[in-house]
4 protein chains.
Amino acid sequence: MIKAGIIGATGYAGVELVRILLTHPEAELTAVSSVSFEGQTLSDIYPSLRGIADLILGDADEVIQKCDVVFAAVPAGISEDIARKCVQNGTVLIDLGADFRLEDPQVYETWYGKTAPEEALLSRAVYGLSELFADKIAATDIIANPGCYPTSVALGLAPALCNGLVSADRIVIDSKSGVTGAGRKLTQNTHYAELNEGFGPYKIAAHRHTPEIEQTLSILAGKAARVTFVPHLLPVNRGIISTVYADLCEGVTLEQVYNAYQKMYENMPFVRLLPLGKTANLHDVRCSNYCDISLHADEHAGKLIVVSTIDNMVKGAAGQAVQNMNIRFGLKQTCGLMMIPPAF
Amino acid sequence: MIKAGIIGATGYAGVELVRILLTHPEAELTAVSSVSFEGQTLSDIYPSLRGIADLILGDADEVIQKCDVVFAAVPAGISEDIARKCVQNGTVLIDLGADFRLEDPQVYETWYGKTAPEEALLSRAVYGLSELFADKIAATDIIANPGCYPTSVALGLAPALCNGLVSADRIVIDSKSGVTGAGRKLTQNTHYAELNEGFGPYKIAAHRHTPEIEQTLSILAGKAARVTFVPHLLPVNRGIISTVYADLCEGVTLEQVYNAYQKMYENMPFVRLLPLGKTANLHDVRCSNYCDISLHADEHAGKLIVVSTIDNMVKGAAGQAVQNMNIRFGLKQTCGLMMIPPAF
Amino acid sequence: MIKAGIIGATGYAGVELVRILLTHPEAELTAVSSVSFEGQTLSDIYPSLRGIADLILGDADEVIQKCDVVFAAVPAGISEDIARKCVQNGTVLIDLGADFRLEDPQVYETWYGKTAPEEALLSRAVYGLSELFADKIAATDIIANPGCYPTSVALGLAPALCNGLVSADRIVIDSKSGVTGAGRKLTQNTHYAELNEGFGPYKIAAHRHTPEIEQTLSILAGKAARVTFVPHLLPVNRGIISTVYADLCEGVTLEQVYNAYQKMYENMPFVRLLPLGKTANLHDVRCSNYCDISLHADEHAGKLIVVSTIDNMVKGAAGQAVQNMNIRFGLKQTCGLMMIPPAF
Amino acid sequence: MIKAGIIGATGYAGVELVRILLTHPEAELTAVSSVSFEGQTLSDIYPSLRGIADLILGDADEVIQKCDVVFAAVPAGISEDIARKCVQNGTVLIDLGADFRLEDPQVYETWYGKTAPEEALLSRAVYGLSELFADKIAATDIIANPGCYPTSVALGLAPALCNGLVSADRIVIDSKSGVTGAGRKLTQNTHYAELNEGFGPYKIAAHRHTPEIEQTLSILAGKAARVTFVPHLLPVNRGIISTVYADLCEGVTLEQVYNAYQKMYENMPFVRLLPLGKTANLHDVRCSNYCDISLHADEHAGKLIVVSTIDNMVKGAAGQAVQNMNIRFGLKQTCGLMMIPPAF
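This structure is a prediction, so every number in the text was calculated from the model and none was measured. Throughout, residues of each chain are indexed from 1 in the direction in which the sequence is written. Ligands are numbered from 1 and chains lettered from A, in the order in which they are written. Only residues with pLDDT of at least 70 get local features here, since the model is predicted, and only at 80 or more are side-chain atom pairs given and counted; chain-wide, interface and lining totals rely on the full set of residues. Hydrogens and water molecules were not included; the side-chain quantities draw on all heavy atoms of the structure.

1. Digging into the domain arrangement of chain A
All names here are of chain A.
- Where each domain starts and ends follows an automatic or database-derived domain assignment. What the domain assignment lists for chain A is domain 1 (2–123) and domain 2 (149–312).
- Between domain 1 and domain 2, the C-alpha centre-to-centre distance is 27 Å.
- Each partner contributes residues to the interface: domain 1 has 13 residues there, and domain 2 has 14 residues.
- Here's the idea: put two parts together, see how much 1.4 Å probe accessible area each one loses, and the total over both is what we call buried area. Between domain 1 and domain 2 lies a buried interface of about 1200 Å² when both sides are counted; carbon and sulfur atoms form 54% of it.
- Only one rule defines a salt bridge in this text: a Lys or Arg side-chain nitrogen within 4 Å of an Asp or Glu carboxyl oxygen. The tally of links from domain 1 across to domain 2 stands at two salt bridges.
- Ionic pairing is found between Arg101 and Glu212, a salt bridge with its closest N-O pair at 3.1 Å.
- Side-chain atoms alone can form a polar contact between residues adjacent in sequence; in general such a contact is a pair of N or O atoms within 3.5 Å, and within protein one must be able to donate a hydrogen while the other accepts it. The tally of links from domain 1 across to domain 2 stands at six residue pairs in polar contact (both at pLDDT 80 or more).
- Mapped by element, the contributors of at least two residues to the side of domain 1 that touches domain 2 are α1 (12–21) and α5 (105–112). Should any heavy atoms of two residues lie within 4.5 Å, those residues are counted as being in contact. The helix and strand labels rest on DSSP assignments: H or I over at least four residues marks a helix, E over at least two residues marks a strand, and numbering proceeds from the N terminus.

Here's what the structure looks like:
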């Protein structure tokens, strides 16, 4: 059994990791920590876990020492120190935050306003988009788990960009996220009476996931990609849907696009490519590690429209983190992750 | 007092008209009809109206005969007959359906699969986007009340297109609508347990409002506009938000755009242009006739991003219909329409 | 025009008062105050009010000095001082808090943990349940506006208790409130992701409205009433519904009960007694000052079941406060309060 | 592996059974049927199941013939025939409908308006409330799976009634259910725009679960129980909460009650008795087979207040059905049922 630990176990990504790891057949949830709630049990904070996860919350160092793999779900700027200790201790780190995602330290510093991790650590890190970079993930000890929006977008565009079917430039990404993406912290715009029956965009063309998206899309396209990215906040708990608009290259048909997607994803168990004519909906992937993708064309305007949806807390955070653990520890990618989305 | 009647008073647009007309200081709700519920009272169907609107539902002919102005909220293909009778009777028709919106009968027939109204009637009709075409509305007896999506888009883009600040081509419109847009009719995708905690697009690049949007944007731009339009269904009751992406013309700054909007809308009481830096949200216009617009630029990609939001049942249907009645009958546009959106 | 002011205008009851007073034909919103947001405008806090209520928030003393009537929507323990200044200034006070509701200072101190207002002020105060105590309300300068739960319960039981049709003892009140009852303050249990898709009771048999309910029911019954009161928190913004279970007195039929309700409420415009066989629903009174009541019997167990529903922010707070202003200033009770509940 | 089949697999209880059985380690979902969708696959109806449950829907007879155990999730009046065929075929029947729940055929006929199953079959049936009647369930071939409301109430009151701590008479049960309890069938009151932001009771003192509740409580109390039962419809997808009010017997303290519950439930893995001072909430049991119970006293009125909450589709339907299969086939009760409720 893999000894797994969580640093920051009481945040939303943390507690979702708890839920997944507790039922994982090859891992054992060994230690959990929380700065805010040290000394309490997980079920004190989340009554849903009563009788299930009565572990006592300890400190981060303890988690690193006791575990083979540590998941860090902490605010930006904190992971460097955790990574250093993990490397010293021979512990694999799967970092759910952004500190190790961006290859260029300058870009990180511009968007996050923090100093990037030192080069010695940063250069060991692998961007953990499981479907795209499994080989590298298997061979590293610092895995930078992707952001939720970037996961939905990269999976939604990978076959089109890899095969040169759409322009890498002028891509419009209109994303909508459930409210758990904003975390457990109280804010006026996540106060029930103010979000309920409301909807709108935020951080328009200014969200920190923008450079992460462009970094991955550029790798896929083999040249600089440029996107306009606008996230919106949905009055639902879970899920992200990205509606992506890209210019079809001259002469490319929807059928060709569909074939490229089918080929790339046919052996990837968590990507469900919908038949042409069907439309992906956030409802159908909740509480699961699936990414549902549907493809559409606007022939009149020469656009490919991709609808890509995931559960932001599963494939967009805790689920993909466990998928990366599976890859890193030589398990089947699906191990412990075949949660079936509820029909309602 | 203007004698006002409603044909199709038990649909969602119809009952919203009831609510607005009952408190209008210069109009009197004189007659209402319904094919499905003839002989019953409005409050039999909508218990919220108990003691307020106990009018008995009659037939359409009776409504036309008794009224100075008739609002028709009926399915596609039925309004031609109503229009003919209104013309004969000297009654003003405000049609909330699509039959008279499209100038080109061929386009109507392609998208709606019905025969367009005869030329004699169609040529009398004026497209009733109150802010843009008030002079013509004041002078006609057949007003084609705009669709909800087209209203949000046209108001969102008018100053930019009229002033040549953005390209009329390659416009991406990502719209999201509350569920009342789908009406009172029962469908699986509006069944509570299936829409709740769900979200997704529908009729991608195939929604009937597409030609209506292009018709208006082309008039505004003075040349053919081309859009990609994707509507989504939100798990909220009311409201539409359109996030619109247009290419800024060479050298145009956000400030210039803002000034053009301010100039065009400064005397239009229902358009609220938000200060730069603020973002429109559907929450803030519910139950009101306002259209809130915020402007944003993605300089990196050369895009203007407009967020335009209305209550789909008010400014997107019943409210704008009454605004058009006000224009046609020489009242102030705001008469009976200054409903304040609730804060929660 | 009555000069009206609000102390505590940025809380949920305060901003609902703003919305109602701005459209009141006989009152003018003259001054508003807020401790937290002094110097800002109302629309800075509530963007829904942009262009509608751009008043600057001042301090409480200024509001008292400028106005004929002051609405106080402040936390417990603060109203005594406001009342003293209002009396000195000749200003009518309508207090939306609890400080003046309980006749017995001991009971207040036990439940609220604060010192009750001095006798000279407390004895001037009238409990402002408009339908039941209009004569006294018209003759006082300190009106204690009732709590939301007590309003729904007192109107729901008044005819039954006044006419001795049910036992005043052993009454079970199972109430459910929308989340705006908890106010604008951020708390974990009103955080969207934690309330959404959740539901449960709170302060079981320990809510501060219990003594207020018993005080009114005892007056109505002419003897000590005893209730078990359990409030629940609903994942909706607005509305309270109380399902009340009382023992029918020997031989009393549902028809007799219905007749007593009809008689008592026939001239009260805001109480809508539903016909036997219909059931009240919170959906039908939202955004209005109505109280909908339906009556049911469980003959098998000898119980009368009353369902009583109001909008907690209107009839349960701001609406009833304005109704009390109308009574106090000799206007029709309905003046400015005939908002029609939306059908959806 | 147990061969399991579902008759009526496309209703809400049916599809929830699919979800549970597909991950059950000792059962294999062998055949499914549907009258409405015969010939289609499950994932045609529920896109969430794409790639997971692509079984083709057949007919009921085929399901019976192929399986060791059949779950029937069909409308009232149909199970008798299924039961007869199961008995002939040696197949265990777990009936999720009401036909076999009531021991007295007269009571069934009065409340359901159908002829009760013949005595030879009815007498074989055991009421499948797993925690209370496991011994009998293990020994029969016709298991009448309890209704959702009755499950929440019986577990909520069993220790109090078995130990004579409360009166079996004059019990008030105020229950609230998520909308999936109303099933997949379209109705106006489950139409999104009409249920959303609404709430109210239905079938007051007239719900068909009333005799089922009284039957079980009478068995537990050892004498005739009498209840007033009022269900309400909540705008959430999943979950039932029952707030139960019972008269404490003379001299009984809350602590005594708590001890009785602790004793009865200490070895029952699906009942989570909350510590005194905590309150059960529907949010914490969603998607799980748990029943959370909290205990409260109103000393002032001499009442015990029990809050009992389950997921109506799991412990209230499909989960308990599988728990009964486990009991009947000699597996651990928890086998395949340890789903952890999500924290959000």
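2. Some remarks on the sheet that holds strand β5 (residues 125–127) of chain D
All names here are of chain D.
- When DSSP finds two or more bridges between a pair of strands, those strands are recorded as paired. Spatial strand order, β2-β1-β3-β4-β6-β5: six strands in an open sheet with parallel pairing. Where the open sheet ends on each side, the last strands, each with one partner, are β2 (27–33) and β5. Strand after strand, the sheet turns through a mean of 20° between neighbouring axes, direction not considered.
- By the bridge criterion, three bridges tie β5 to strand β6 (residues 142–144) in an arrangement that is parallel. Following the sheet pairing, Ala125 is matched in β6 by Ile142.
- Across the sheet, helix α4 (residues 79–89) lies against β1 (2–7), β3 (69–72), β4 (92–95) and β6, angled at about 160° from β4, the strand it touches most. Working convention: axes come from line fits to C-alpha atoms, limited for helices to the stretch in contact. Angles between N-to-C directions cover 0 to 180 degrees.

3. Here we look at the packing of aromatic side chains
- Pairing of aromatic side chains here covers Phe, Tyr and the six-membered ring of Trp, requires ring centres within 6.5 Å, and sorts the geometry by plane angle: under 30 degrees stacked, over 60 edge-to-face, intermediate tilted. Evaluation of the coordinates by the stated rule reveals 28 aromatic pairs over all chains.
- Seen from their ring centres, Tyr108 of chain A and Tyr112 of chain A are 5.0 Å apart, and the 15° between their planes marks the pair as stacked. A residue pair is termed a helical-turn pair when its members lie 3 or 4 positions apart in one helix, as Tyr108 of chain A and Tyr112 of chain A do in helix α5 at four residues. Summarising the burial analysis for this pair, Tyr108 of chain A and Tyr112 of chain A share the class buried.
- The ring of Tyr290 of chain B has Arg272 of chain B lying over it, and the distance from NZ or CZ to the ring centre is 4.1 Å. For every residue, the accessible area (1.4 Å probe, protein chains only) is compared with the maximum for its type, and the residue is labelled buried under 20%, exposed over 50%, or partly exposed between those bounds. To sit over a ring, a charge needs its Lys NZ or Arg CZ within 6 Å of the ring centre and within 35 degrees of the ring normal.

4. Looking at the interface of chain B and chain A
- Between chain B and chain A, the contact holds 45 residues from the first and 45 residues from the second.
- Where chain B abuts chain A, roughly 3600 Å² becomes buried across the two surfaces, and 59% of that area is made up of carbon and sulfur atoms.
- Ranking the residues of chain B by area buried against chain A places Glu197, Phe199 and His300 of chain B at the top, with a combined share of 18%.
- Put simply, chain B and chain A have four salt bridges between them.
- Among the ionic pairs, Asp174 of chain A bridges to Lys176 of chain B, the shortest N-O distance being 3.1 Å.
- At the surface where chain B touches chain A, the tally comes to 28 residue pairs in polar contact (both at pLDDT 80 or more).
- Those elements giving two or more residues to the side of chain B that touches chain A turn out to be β7 (171–177), α9 (192–195), β8 (200–201), β9 (227–233), β10 (240–247), β12 (291–298) and β13 (303–310) of chain B.
- Under the scheme applied, nonpolar residues are Ala, Val, Leu, Ile, Met, Phe, Trp, Tyr, Cys and Pro; charged residues are Asp, Glu, Lys and Arg; polar residues are all the others, including Gly. Its residues assigned to classes, the side of chain B that touches chain A shows 21 nonpolar, 12 polar and 12 charged.

5. With respect to the interface of chain A and chain D
- Opposite the 29 residues of chain A that make contact, chain D presents 29 residues.
- Between chain A and chain D lies a buried interface of about 2700 Å² when both sides are counted; carbon and sulfur atoms form 63% of it.
- Area buried by chain A at its contact with chain D is led by Arg50, Ile340 and Phe344 of chain A, which between them contribute 31% of it.
- The tally of links between chain A and chain D comes to zero salt bridges.
- Here chain A is connected to chain D by 10 residue pairs in polar contact (both at pLDDT 80 or more).
- Ranked by residue count, the leading element in the side of chain A that touches chain D is α1 of chain A, at four residues.
- Its residues assigned to classes, the side of chain A that touches chain D shows 16 nonpolar, five polar and eight charged.

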